[in-house]
Amino acid sequence: TELLGKYFIGGETHDSIGVRSRRLISDAVCDPVLDREAIPYKNLGCENNHDSVDYPDYGRKVVKAILSGECEKGIVICGTGIGISITCNRYKGIRAALCSDCFSAEATREHNDANILAMGGRVVGPGLAVKIVDTFLHTEFSGDERHKEESAKLKIAREGTKEMSKVVVMEHPL
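The residue count restarts for each chain, going from 1 along the sequence in the order it is written. Local features in a predicted model are, by the rule used here, given only for residues with pLDDT of at least 70; side-chain atom pairs are given and counted only at 80 or more, and totals for whole chains, interfaces and linings are based on all residues. To get the side-chain values, take all heavy atoms of the structure and skip hydrogens and water.

Notes on the confidence of the model for the protein chain
Predicted coordinates in areas of low pLDDT are best not read in detail.
Right, so step 1: Scored by pLDDT, the protein chain comes out at a mean of 75, with 67% of its residues at no less than 70.
Right, so step 2: Per-residue confidence from the predictor is reported as pLDDT, a score between 0 and 100. Segments assigned H or I by DSSP are reported as helices when at least four residues long, segments assigned E as strands when at least two residues long, and all are numbered from the N terminus. When mean pLDDT is taken per element in the protein chain, strand β3 (residues 96–98) scores highest with 96 and strand β1 (residues 8–10) scores lowest with 44.
Right, so step 3: Two residues qualify as a contact provided that any one of their heavy atoms is within 4.5 Å of a heavy atom in the partner residue. For the stretch residues 1–17, pLDDT sits under 50, and the model shows 80 contacts to residues farther than four places along the chain or on other chains.

This is the structure in structure tokens:
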């Protein structure tokens, strides 16, 4: 077994549909981004391309590595990125952001201090995935007071809400 990097861990996941896309993205990200910049990582994804696996199992591996302090950030991939981001966000202390463009990757790091990047293997091609990962890795949390307050409110909302009984629609002032 490899020693996990203190800065970054790469966790890939897949569902039965996203096998080939997931592998293409993983290979595209690990070689030109992580290896090029000597960013320590460990791939927690499944070993072969043929078996169908349940992405929540692999999302939990990445979450546990972050929560235990073995690493600071993670990348998770499933067919659309939706299921794996939902899985990761069920854990206290995790801020997983589903991104399919560089602007979202930059904004989620600057404003939300996201610690997991989720992508969809059937949504994002390998070339764009490299740019999204590069943006995510090289963008720091802004630390602006407004964003700190918003993050604190998200934490309170997660800790204080056990059950939702109805849907509330809120318009953002943008």
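Okay, back to it.
With respect to the environment of D134
Right, so step 1: Within the secondary structure, D134 is located in helix α5 (residues 126–137).
Right, so step 2: Throughout this description, buried means an accessible area under 20% of the type-specific maximum (1.4 Å probe, protein chains only), exposed means over 50%, and partly exposed covers the range between. The partly exposed category is assigned to D134, whose relative accessible area is 26%.
Right, so step 3: Measuring from C-alpha to C-alpha, the distance between D134 and E106 comes to 9.6 Å, with 28 residues separating the pair along the chain.

Comments concerning the pattern of salt bridges
Any two side chains of opposite charge can pair if their charged atoms end up close together.
Right, so step 1: Counted as salt bridges are all cases of a side-chain nitrogen of Lys or Arg within 4 Å of a carboxyl oxygen of Asp or Glu. Considering all chains together, one arrives at three salt bridges under this definition.
Right, so step 2: Where D57 meets R60, a salt bridge forms, and the shortest distance between an N and an O atom there is 2.6 Å. Of the two residues, D57 and R60 are both situated in helix α2 (residues 55–67); the distance of three residues between them amounts to about one turn of the helix.
Right, so step 3: The class for R60 is partly exposed, based on a relative accessible area of 29%.
Right, so step 4: Residues R95 and D113 are paired through a salt bridge, measuring 3.7 Å at the closest nitrogen-oxygen approach. Taken together, the positions of R95 in the loop between α3 (82–88) and β3 and D113 in the loop between α4 (102–112) and β4 (116–120) put the pair 18 residues apart, joining distant regions of the chain.
Right, so step 5: The class for R95 is partly exposed, based on a relative accessible area of 31%.
Right, so step 6: When its relative accessible area of 25% is taken as the criterion, D113 is described as partly exposed.
Right, so step 7: Several salt bridges share partner residues, and in doing so they unite R95, R109 and D113 into one network.

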